[in-house]
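What follows is the residue order along each chain.
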Amino acid sequence: MPTTRAERRRTHRLVVVAVVVALVLAGLGYVWHTVRDFNEGFGSSTCRAVASTYTATFNPDQTANAATITGIGTRRGLPARAATIALATAIQESKLENIDYGDRDSVGLFQQRPSQGWGTVEQIMDPVYATNQFYDALVKVDGWQTMEITKIAQRVQRSGYPEAYADHEDEGRALASTLAGHTPGGLGCRLEPLASGDRRAGPVVVARDLEKQLAVRGVVSGDHVEVRGSTAEQAWMVGHWAVAHAQRHGLSSVTVGDREWTRARGEEGWSWRAARSPVAATAVTIR
């Protein structure tokens, strides 16, 4: 039966309304995603590692875990290549988050499985233990120093999708270069200012963790920790480690030689500036 003119007008209006509603919803969706991306990136606490032409951006917790992984590799006397492999693996497996769940019984930074002999769940959830376990397995692979990361992943992680690790090699390299001290001033973190009720680990805990993760001795002096490195590179490794752990430990500033990082919300949080109280080129002050 043919529709009347009134019915056609009504149908037309409904179509127009539906189109308008769809456009509004699409616009709201765009705004939501933009706000979300802003909050997850530039609008939230963020750490940035810049090495050569590559930039890697992670949240403070991820960056602290990356500093632990890199520091332990350095402590063991392994080259930066080992840290690059470990970091790329952890990015793929857990996004550098120390998660207590995963595929089957996998847990931790590297999603290691107790049923495959990596240790107990409690042990694997300790980033220091898990990282040492990873390096123990890595160095047993003949030719790992020059082997493609996809092949290493298959040998160490027993992965079903080893090709995925190569996607994160550049990120791992940028993190390893900065966190090992090879790129001075290459790591910075934009963090919220410390408030009176914020948790601060205290200098004793900072010194303890430096010893545990980097085998570096820090001297507690009042409200800060002083480190005397043997080389400028080691000093930058310690300095970047401290910045990476600033959120976790409640730190406000780090001085390496004549450069200083100060906790800040804006872009200055990513930068190292002239120090107000310079120290020796191989020294670090952590507050």
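Refer to the structure printed above.
Residues numbered from 1 in each chain as written. Predicted model: local features only at pLDDT ≥ 70, side-chain atom pairs only at ≥ 80, totals over all residues. Heavy atoms only, no water.

The subject of this paragraph is the packing of aromatic side chains. By the definition in use, this model includes three aromatic pairs. Between the aromatic rings of Phe110 and Phe134, the centroid separation amounts to 4.7 Å while the plane-to-plane angle is 15 degrees, which identifies the pairing as stacked. You can see Phe110 sitting in the loop between α3 (80-94) and α4 (121-124) and its partner Phe134 sitting in helix α5 (residues 127-138), a full 24 residues away along the chain. In this structure Phe110 comes out as buried when scored by relative accessible area, which is 0%. Lying across the ring of Trp270, Arg190 places its NZ or CZ 4.8 Å from the centre. (Phe/Tyr/Trp six-rings, centres within 6.5 Å; stacked < 30°, edge-to-face > 60°. Helix = DSSP H or I, 4+ residues; strand = E, 2+ residues; numbered from the N terminus. Buried < 20%, exposed > 50% of the residue type's maximum accessible area, 1.4 Å probe, protein only. Lys NZ or Arg CZ within 6 Å of the ring centre and 35° of its normal.)

The next point concerns the pattern of salt bridges. Summed over the entire model, instances satisfying the criterion amount to 11 salt bridges. Asp209 is the partner of Arg208 in a salt bridge, and the nearest nitrogen-oxygen pair spans 3.0 Å. Of the residues examined, Asp209 reaches a relative accessible area of 9% and is grouped as buried. Connected through salt bridges with shared partners, the residues Arg81, Glu169, Asp170 and Arg173 form a single ionic network. (Salt bridge = Lys/Arg side-chain N within 4 Å of Asp/Glu carboxyl O.)

What follows deals with the side chain of Gln157. Looking at where Gln157 falls in the secondary structure, it is placed in helix α6 (residues 149-157). Polar contacts involving the side chain of Gln157 include one to the side chain of Glu93, which spans 3.5 Å. Reaching out from Gln157, the side chain makes a polar contact with the backbone oxygen of Phe110 at a distance of 2.9 Å. What Gln157 contacts, discounting residues up to four positions off in sequence, is Thr89, Glu93, Phe110, Phe134, Ile152 and Tyr165. (Polar contact = N/O pair within 3.5 Å; in protein donor to acceptor, adjacent residues only side chain to side chain. Contact = heavy atoms within 4.5 Å.)

Honestly, that's just the spatial picture; any functional story needs more than this.
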